[in-house]
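Below, each chain spelled out in residue letters.
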Amino acid sequence: MPPGSDAEVAAWVRDLGLPGLVDLHVHFLPERVLAKVWAYFDHASANYGVDWPIHYRTSEPERVESLRAFGVRAFAPLVYPHKPGMAAWLNDWVRAFAAEVPEAVTTATFFPEPEAETYVRQAIEAGARCFKSHVQVGDFDPRDELLRPVWGQLADADLPVIVHCGHGPLPGTHTGLDVFEEVLREHPRLVAVIAHAGMPEYDHALRLVRRWPGVHLDTTMVGVEFTTTLSPLPKDWTAQLADLPDRIALGTDFPNIPYSYAEQLRAIAGWAESDDRLGADFLRSVLHDTPARLLGLS
Ligand SMILES: [Zn+2]
């Protein structure tokens, strides 16, 4: 039975025979930045047209403890800049955070700016296991000339980059999977994890997975009631997943979600149950094996 509440998550994960969950899409940020992000969500009805009460609005140590209680054995704390001059500082912050929290892998981010090539190289040398690129919040063009050497380095290093490039929850100047596909055309081996499975362009995201060997999708906010009312999944969603079981990775957006962690897991469990070709093997792949492979965990 999928977990009815957060308290049931860890036992459910154990019963699947997994050593834990690997969550590829979690957010931890410096306190000041996080306060601003939460303030933005407090005005979600003006920004997004819906209320967005943050479910895990607790202290940083409490948020880490919550993930442990769910049985998360590893997670990627993703940071992202909304302006120039911020990414290198965020990279330093998240490296220090990951050094303190055993379950957190080191991540990094970037912005189209002349220093990006250098600080991305430094982040790779310092052990970053994945990157985050937020095209909507950053409001930049992923095809920007200044990012060319960055995508190239990530492709060469075979490091995953979680890319928020879809039009959801709000379209940006440069969002759209068609725009990001031009980056893939230039860097065909890039290991790009399309955040939110490309919401709302799910079909297009699935086409990218079939077309480009490094493209994966994360499950962040996909299939939960909060999302499906605005952005329903394609009718053949689970049938399509059956062809691509090792290209889908757990992501949740913890802690900035307006519902419980268990609810995201129930949505994924629902896909597994609704198609005979999915089932427990699919769950083990999505919840652990695929994100663990992407992060280079054994
Ligand atoms: Zn996110």
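Here is a short report on the structure shown in this document. Everything numeric here is computed off the predicted structure, so don't read it as measured data.

Regular strands place their side chains on alternate faces of the sheet. When you tally the buried positions in strand S4 (residues 130-134), you get five out of five residues, the bulk of the element. By the alternation rule, side chains of S4 split into Cys 130, Lys 132 and His 134 and Phe 131 and Ser 133, which are all buried. Pairing analysis gives three bridges linking strand S3 (residues 107-109) to S4, with the strands arranged parallel. Bridge pairing links Ala 108 to Phe 131 in S4. On the question of chirality, the crossover connecting S3 to the parallel S4 by way of helix H6 (residues 116-125) is right-handed. The sheet contact formed by S4 and strand S5 (residues 161-164) spans four bridges and is parallel. Pairing of Ser 133 across the sheet is with Val 163, part of S5.

Before going further, it helps to spend a moment on the coordination of the zinc ion. The zinc ion binds to the protein through His 25 (NE2), His 27 (NE2) and Asp 253 (OD), with metal-donor distances spanning 2.1 Å. Within one chain, the residues donating to the zinc ion are spaced in sequence as H-x1-H-x225-D. With His 25 in strand S1 (residues 21-27) and Asp 253 in the loop between strand S8 (248-249) and helix H13 (261-274), this pair connects stretches of sequence that are 228 residues apart. In this pair, the class of His 25 matches that of Asp 253, namely buried.

What follows deals with the packing of aromatic side chains. How two aromatic rings sit relative to each other is given by the distance of their centres and the angle of their planes. Applying the stated rule across the entire model yields 18 aromatic pairs. For the pair Phe 70 and Phe 254, a centre-to-centre distance of 6.1 Å together with 90° between the ring planes defines the contact as edge-to-face. Here Phe 70, found in helix H4 (residues 60-70), pairs with Phe 254, found in the loop between S8 and H13; they are 184 residues apart in sequence, far enough to count as distant. With centroids separated by 5.5 Å and ring planes inclined at 75°, the aromatic side chains of Phe 111 and Phe 140 adopt a geometry described as edge-to-face. Of the two residues, Phe 111 sits in the loop between S3 and H6 while Phe 140 sits in the loop between helix H7 (135-138) and helix H8 (148-157), which places them 29 residues apart along the sequence. Since its relative accessible area comes to 4%, Phe 140 is described here as buried.

Our next topic: the environment of His 134. Mapped onto the elements of the fold, His 134 is located in strand S4. Along the backbone, His 134 and Gln 264 are 130 residues apart, and their C-alpha atoms lie at a distance of 21 Å. Residues contacting His 134, with those up to four places away along its chain left out, are Tyr 80, Asp 139, Phe 140 and His 164. Polar side-chain contacts of His 134 include one of 3.4 Å to the side chain of His 164.

Here we come to the pattern of salt bridges. Enumeration according to the criterion identifies 13 salt bridges in this entry. The residue Asp 92 makes a salt bridge to Arg 95 at a minimum N-O spacing of 2.9 Å. Of the two residues, Asp 92 and Arg 95 are both situated in helix H5 (residues 87-100); the distance of three residues between them amounts to about one turn of the helix. A relative accessible area of 44% means that Asp 92 is categorised as partly exposed. You can call Arg 95 partly exposed: its relative accessible area is 31%. In this structure, the salt-bridge partner of Glu 181 is Arg 211, at a minimum N-O distance of 2.7 Å. Of this pair, Glu 181 sits in helix H9 (residues 177-186) while Arg 211 sits in helix H10 (residues 202-211), placing them 30 residues apart in sequence.

Thresholds applied
- Residues numbered from 1 in each chain as written.
- Predicted model: local features only at pLDDT ≥ 70, side-chain atom pairs only at ≥ 80, totals over all residues.
- Heavy atoms only, no water.
- Buried < 20%, exposed > 50% of the residue type's maximum accessible area, 1.4 Å probe, protein only.
- Helix = DSSP H or I, 4+ residues; strand = E, 2+ residues; numbered from the N terminus.
- Pairing = 2+ DSSP bridges.
- Right-handed = clockwise from strand over helix to strand, strands pointing away.
- Donors = N, O, S within 2.8 Å, 3.2 Å for Na, K, Ca; no water.
- Phe/Tyr/Trp six-rings, centres within 6.5 Å; stacked < 30°, edge-to-face > 60°.
- Contact = heavy atoms within 4.5 Å.
- Polar contact = N/O pair within 3.5 Å; in protein donor to acceptor, adjacent residues only side chain to side chain.
- Salt bridge = Lys/Arg side-chain N within 4 Å of Asp/Glu carboxyl O.

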